[in-house]
Amino acid sequence: MSHPALHSGDTAVRKLTVLYDAQCPLCVHLRHWLRGQRQLVPLDLVPAASAAARERYPGLDHHSTLREITVIGDRGQIYRGPAAWIVCLWALAAHRPKAHWLATPAGAPFVRVAMLTAAKYRDVTAPPCGERCAVPG
């Protein structure tokens, strides 16, 4: 599997916006972890479905960004789920080689397991979605 963010040229990513669930302990932990890493591509971490996110990306389905990690490139590229995790790792100096490997067919099963594990952990630790997931238009 070829990953578009891992190529150079006209589609090169120079900045990424990571939309994370600010009510999820795992998401907040990963936000802090990402901020502490040396970034080859700057990561702008914005709470999903926040006023800032809605203002920046008015056409985005903000309700879905609370359910699934979403990363947006500076040229409008949208990465969700496994691709979003891979592009976040790709942006980090210490993890770029791992991101390249995870973007291959050999790495895909590891990404799926990590995503399933994170989803299970999030289900146990995050408060129920309820009203907060009802993003106003």
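This text follows the structure it describes.
Since the model is a prediction, treat every value here as computed from it, not as a measurement.

*Asks:* Summarise the pattern of salt bridges; cite the residues concerned and give the values.
*Replies:* Scanning all chains against the criterion turns up 1 salt bridge. A salt bridge links D44 to R56; the shortest N-O distance between them is 2.4 Å. In this pair, D44 sits in strand β2 (residues 43-47) while R56 sits in helix α2 (residues 51-56), placing the two residues 12 residues apart along the sequence. Judged by relative accessible area, R56 falls into the partly exposed class, the value being 39%.

*Asks:* So what's going on with the nonpolar core? Residues and values would help.
*Replies:* With 26 residues, the main nonpolar core has L16, V18, L43, V71 and Y79 as its most contacted residues. Examining the composition of this core, we find that 6 residues originate from one element, helix α4 (residues 81-90), more than from any other. Among the nonpolar cores identified, the runner-up in size contains 9 residues, and L19, A48, A49 and Y57 belong to it.

*Asks:* Now, about the pairing of strand β1 (residues 16-20): what can you tell me, with residues and values included?
*Replies:* Counting buried residues in β1 gives 5 out of 5 residues, a clear majority hidden from the surface. Alignment of β1 against β2, held across 5 bridges, turns out to be parallel. Counterpart to L19 in the pairing with β2 is V46. For the crossover that starts at β1, traverses helix α1 (residues 25-35) and ends in the parallel β2, the hand is right-handed. Sheet topology note: the β1/strand β3 (residues 70-73) ladder contains 4 bridges and is antiparallel. In the strand pairing of β3, T17 is matched with I72.

*Asks:* An account of α1 is requested, with residue identities and associated values reported.
*Replies:* Every buried residue of α1 is listed here: L26, C27, R31 and L34. Along the axis of α1, the buried positions cluster into a sector of 140 degrees, meaning they face one direction only.

*Asks:* Give a description of the packing of aromatic side chains that names residues and reports values.
*Replies:* For any pair of aromatic rings, the description rests on two quantities: the centre-to-centre distance and the angle between the ring planes. Summed over all chains, the structure comprises 1 aromatic pair. Centre to centre, the rings of W101 and F110 are 5.2 Å apart; their planes meet at 45 degrees, and the pair counts as tilted. With a relative accessible area of 35%, W101 lands in the partly exposed category. Across the ring face of W90, the terminal group of R96 is positioned such that the distance to the ring centre comes to 4.1 Å.

*Asks:* Explain the sheet that holds β2 residue by residue, including any values.
*Replies:* What the 4 strands build is an open sheet, ordered β2-β1-β3-β4; its pairing is mixed. Where the open sheet ends on each side, the last strands, each with one partner, are β2 and β4 (78-80). Taken pair by pair, the neighbouring strands of this sheet meet at an average axis angle of 20 degrees, ignoring direction. Where β3 meets β4, 3 bridges bridge the pair, whose relative direction is antiparallel. Within the sheet, the bridge partner assigned to T70 lies in β4 and is R80.

Reading guide: rules and limits
Residues numbered from 1 in each chain as written. Predicted model: local features only at pLDDT ≥ 70, side-chain atom pairs only at ≥ 80, totals over all residues. Heavy atoms only, no water. Salt bridge = Lys/Arg side-chain N within 4 Å of Asp/Glu carboxyl O. Helix = DSSP H or I, 4+ residues; strand = E, 2+ residues; numbered from the N terminus. Buried < 20%, exposed > 50% of the residue type's maximum accessible area, 1.4 Å probe, protein only. Core = buried A, V, L, I, M, F, W, Y, C linked by side-chain atoms within 4.5 Å. Pairing = 2+ DSSP bridges. Right-handed = clockwise from strand over helix to strand, strands pointing away. Arc of directions from axis to C-beta. Phe/Tyr/Trp six-rings, centres within 6.5 Å; stacked < 30°, edge-to-face > 60°. Lys NZ or Arg CZ within 6 Å of the ring centre and 35° of its normal. Axes fitted to C-alpha atoms, helices over the stretch in contact; angles between N-to-C directions.

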